[in-house]
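Read off the chains here:
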Amino acid sequence: DGGITQSPKYLFRKEGQNVTLSCEQNLNHDAMYWYRQDPGQGLRLIYYSQIVNDFQKGDIAEGYSVSREKKESFPLTVTSAQKNPTAFYLCASTKETGRSTDTQYFGPGTRLTVL
Amino acid sequence: GQSLEQPSEVTAVEGAIVQINCTYQTSGFYGLSWYQQHDGGAPTFLSYNALDGLEETGRFSSFLSRSDSYGYLLLQELQMKDSASYFCAVKGKAAGNKLTFGGGTRVLVKP
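Residues numbered from 1 in each chain as written. Chains lettered and ligands numbered in written order. Predicted model: local features only at pLDDT ≥ 70, side-chain atom pairs only at ≥ 80, totals over all residues. Heavy atoms only, no water.

Participant: Looking at this model, I keep getting lost on the environment of K95 of chain A. Mind explaining?
Facilitator: Residue and element names in this part refer to chain A. Within the fold, K95 resides in the loop between β9 (87-94) and β10 (105-106). Separated by 45 residues in sequence, K95 and Q50 have C-alpha atoms that sit 9.5 Å apart. Leaving out residues up to four positions away in the same chain, K95 has contacts with N28, H29, D30, K71 and D102. A distance of 3.3 Å separates a polar side-chain atom of K95 from the backbone oxygen of N28. (Helix = DSSP H or I, 4+ residues; strand = E, 2+ residues; numbered from the N terminus. Contact = heavy atoms within 4.5 Å. Polar contact = N/O pair within 3.5 Å; in protein donor to acceptor, adjacent residues only side chain to side chain.)

Participant: Help me out: how do you make sense of the pattern of salt bridges in this one?
Facilitator: Side-chain pairing between opposite charges can occur once the charged atoms of the two side chains come close. Applying the stated criterion across every chain, the model contains six salt bridges over all chains. Between D38 of chain A and R36 of chain A there is a salt bridge; the shortest N-O distance is 3.0 Å. Each of the two residues, D38 of chain A as well as R36 of chain A, counts as buried. Across the pair R106 of chain B and D39 of chain B runs a salt bridge whose closest N-O atoms are separated by 2.8 Å. Here the residue R106 of chain B occupies a position in strand β11 (residues 105-110), and D39 of chain B occupies one in the loop between β4 (29-37) and β5 (44-49), the gap between them amounting to 67 residues. (Salt bridge = Lys/Arg side-chain N within 4 Å of Asp/Glu carboxyl O. Buried < 20%, exposed > 50% of the residue type's maximum accessible area, 1.4 Å probe, protein only.)

Participant: Explain the sheet that holds strand β7 (residues 60-65) of chain B to me, please; I cannot follow it from the model alone.
Facilitator: Strand pairing in a sheet takes place through backbone hydrogen bonds and is either antiparallel or parallel in direction. All names here are of chain B. What the five strands build is an open sheet, ordered β1-β3-β8-β7-β6; its pairing is antiparallel. Either end of the sheet is taken by a strand with one partner, and the two such strands are β1 (3-5) and β6 (53-57). Looking at each pair of strands side by side, their axes are set apart by 20 degrees on average, direction ignored. Sheet topology places β6 next to β7; five bridges connect them, and they run antiparallel. Opposite G53, over in β7, you have L64 as the bridge partner. (Pairing = 2+ DSSP bridges. Axes fitted to C-alpha atoms, helices over the stretch in contact; angles between N-to-C directions.)

Participant: In this structure, what is going on with the packing of aromatic side chains? I would like to understand it.
Facilitator: Pairs of aromatic rings are described using the distance from one ring centre to the other and the angle between the two planes. Under the counting rule described, the total for this entry stands at 15 aromatic pairs over all chains. Note on Y64 of chain A and Y89 of chain A: the rings are 5.9 Å apart at their centroids and 65 degrees apart in plane angle, and the pair reads as edge-to-face. Here the residue Y64 of chain A occupies a position in strand β7 (residues 64-66), and Y89 of chain A occupies one in strand β9, the gap between them amounting to 25 residues. Neither residue differs from the other here; Y64 of chain A and Y89 of chain A are each classed as buried. Ring centres of F63 of chain B and Y72 of chain B lie 4.9 Å apart, and the angle between their planes is 20 degrees; on these two criteria the pair is classed as stacked. (Phe/Tyr/Trp six-rings, centres within 6.5 Å; stacked < 30°, edge-to-face > 60°.)

Participant: Please explain the side chain of Q6 of chain A as it appears in this structure.
Facilitator: All names here are of chain A. Relative to the assigned elements, Q6 resides in strand β1 (residues 4-7). Residue Q6 is classed as buried on the basis of its relative accessible area of 9%. One polar contact links the side chain of Q6 to the main-chain carbonyl oxygen of Y89, over a distance of 3.1 Å. For Q6, the side chain forms a polar contact with the main-chain nitrogen of C91, separated by 3.0 Å. Not counting residues up to four positions away in its chain, the partners in contact with Q6 are S22, W34, Y89, L90, C91, G107, P108, G109 and T110.

Participant: Any chance you could explain the interface of chain A and chain B here in plain terms?
Facilitator: Note: interface size is frequently given as the accessible area lost on complex formation between the parts. Listed as interface residues are 23 residues of chain A and, on the opposing side, 17 residues of chain B. Both sides together, the interface formed by chain A and chain B hides about 1600 Å², and carbon and sulfur atoms give 56% of it. Linking chain A with chain B are zero salt bridges, by the criterion used here. Secondary-structure elements contributing two or more residues to the side of chain A that touches chain B are β4 (31-37), β5 (43-51) and β9 of chain A. Ranked by residue count, the leading element in the side of chain A that touches chain B is β5 of chain A, at four residues. A breakdown of the residues in the side of chain A that touches chain B according to their chemical character gives nine nonpolar, 10 polar and four charged. (Buried area = accessible area lost by both parts, 1.4 Å probe. Nonpolar A, V, L, I, M, F, W, Y, C, P; charged D, E, K, R; others polar.)

Participant: Just checking my understanding: could you explain the state of the cysteines for this structure?
Facilitator: Simply put, disulfide is the name for a covalent bond between the sulfur atoms of two cysteines. In this structure the tally under the stated criterion is two disulfides over all chains. Disulfide partner of C23 of chain A: C91 of chain A, at an S-S distance of 1.9 Å. Classification of the bridge connecting C23 of chain A and C91 of chain A rests on its S-S torsion, roughly -75 degrees, and on that basis the disulfide is left-handed. Of this pair, C23 of chain A sits in strand β3 (residues 19-25) while C91 of chain A sits in strand β9; the two residues are 68 residues apart in sequence, bridging distant segments of the chain. C91 of chain A matches C23 of chain A in its accessibility class, with the two residues each being buried. In this model C22 of chain B forms its disulfide with C88 of chain B; the gap between the sulfur atoms is 2.1 Å. Because the torsion about its S-S bond is 75 degrees, the bridge between C22 of chain B and C88 of chain B counts as right-handed. With a gap of 66 residues between them, C22 of chain B in strand β3 (residues 18-25) and C88 of chain B in strand β9 (residues 84-92) connect regions that are remote in the sequence. The pair formed by C22 of chain B and C88 of chain B is uniform in burial state, with each residue classed as buried. (Disulfide = S-S within 2.5 Å.)

Given below as structure tokens:
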């Protein structure tokens, strides 16, 4: 089955530690995205990548870093510079066909808690 | 920039009809999308309006009026499984293929 996988589902981090969240897709999608969701809130874009080896900052990129070395993988690192990282992190992907109707497919999410 | 406003919560009974409004401010966009998210789950795509008017997909319909900077999602014949959060989103013309999401509307369906 094609889809997007994120791991781990739950992640606990001590203050001052960097952690990396995994996102893998086998949909052959071109673009991948990372969102942060706080309780009762909408989705805010952290980083996105439209092609391999290229990525752009979203609206809340400070304290985060990404890489896109392979088409199917887009890991997100939450660094110690991110002052309030406890949140639900969602990865998404899109097949860029050039049509405005391209929809985003989301992974199951990783819930990060800072202890 | 782009911003979208939605009511925070709506409560209704099974079998009822609920309309979730979305007003937006944007310098130009391709269309208005709607996503559903159950508690603890991932958002899933529901519908998309590129043009003004009504799009119907089963029990759900979505409407867009560009002149009024307004859209809505209509949920008919509500079922308990429709209890979820619903987000409107726009893909801005000046923002590549990025989606900007509203804050979401939590729909609670009661028996």
